[in-house]
Amino acid sequence: QVRLVESGGGLVQAGGSLRLSCTATGSAFAISMGWYRQAPGNQRELVTTISRGGSTNYSDAAKGRFTISRDKAKNAVWLQMNSLKPEDTAVYYCYAHLMALHERDYWGQGTQVTVSS
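(A) Structural detail: the packing of aromatic side chains. Applying the stated criterion to the full structure yields three aromatic pairs. Clustering of aromatic rings is evident, with ring pairs tying together Tyr36, Tyr95 and Trp107. In this structure, arginine 44 is placed above the aromatic ring of tryptophan 107, and the distance from its NZ or CZ to the ring centre is 4.7 Å. Over the ring of tyrosine 106 we find arginine 104, and its NZ or CZ is 3.9 Å from the ring centre.

(B) Region of the structure containing the environment of proline 86. Structurally, proline 86 is set in the loop between β8 (76-81) and β9 (90-99). A sequence separation of 72 residues divides proline 86 from alanine 14, and the C-alpha atoms of the two residues are 6.3 Å apart. In this structure proline 86 touches Ala14, Val115 and Ser117, once residues within four positions along its chain are discounted.

(C) Representation of the nonpolar core in the model. Among the nonpolar cores identified, the biggest contains 29 residues, and Trp35, Met81, Tyr92 and Leu98 are the most heavily contacted of them. Within the residue set of this core, elements represented by two or more residues are β3 (18-25), β4 (29-38), β5 (45-51), β7 (66-71), β8, β9 and β11 (111-116). Take this core: its biggest share by element is five residues, from β9. Beyond its immediate sequence surroundings of up to four residues, leucine 98 is in contact with Val2, Leu4, Ala24, Ala28, Phe29, Ala30, Ile31, Glu103, Arg104 and Tyr106.

(D) Focus on empty space enclosed by the protein. Using the criterion set out here, one finds one cavity of 30 Å³ or more in the structure. As for the largest cavity, its lining consists of Ala30, Ile31, Ser32, Met33, Ile50, Ser51, Arg52, Arg70, Asp71, Lys72, Asn75 and Ala76. Among the elements that line the lining of the largest cavity, the one with the most residues is β4, at four residues. Across the lining of the largest cavity, the residue classes tally to five nonpolar, three polar and four charged.

Reading the values: the criteria
- Residues numbered from 1 in each chain as written.
- Predicted model: local features only at pLDDT ≥ 70, side-chain atom pairs only at ≥ 80, totals over all residues.
- Heavy atoms only, no water.
- Phe/Tyr/Trp six-rings, centres within 6.5 Å; stacked < 30°, edge-to-face > 60°.
- Lys NZ or Arg CZ within 6 Å of the ring centre and 35° of its normal.
- Helix = DSSP H or I, 4+ residues; strand = E, 2+ residues; numbered from the N terminus.
- Contact = heavy atoms within 4.5 Å.
- Core = buried A, V, L, I, M, F, W, Y, C linked by side-chain atoms within 4.5 Å.
- Buried < 20%, exposed > 50% of the residue type's maximum accessible area, 1.4 Å probe, protein only.
- 1 Å grid on protein atoms, 1.4 Å probe; cavity = no way out; pocket = protein on both sides within 12 Å on 5 of 7 lines; lining within 4 Å.
- Points joined across faces, edges and corners; volume = space filled by probe spheres on them.
- Nonpolar A, V, L, I, M, F, W, Y, C, P; charged D, E, K, R; others polar.

Written out as structure tokens, the structure is:
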């Protein structure tokens, strides 16, 4: 059974940094992976994605401050978040488009990131 296991959220002061990790367990082929976030009262929104070929896509809010990286062999992805702002406070969800028994989207359980001012 394929699952996305996340870690790394927490509480940080504005201007600080956090690093989120996500690994897809089970036998699967990662086509793309990334991160979304959802703040209270808001819809889930894209933060960043990375394709198997290494192409990246960032939201305007993430550009210049966040960096996605991945290990294809381990089906793992990381999100380095620097210069955090209070408006970055949200639940961050790992996302993966995987080929396992079927090709489909998978989501992690979410990890809380809170940035205090």
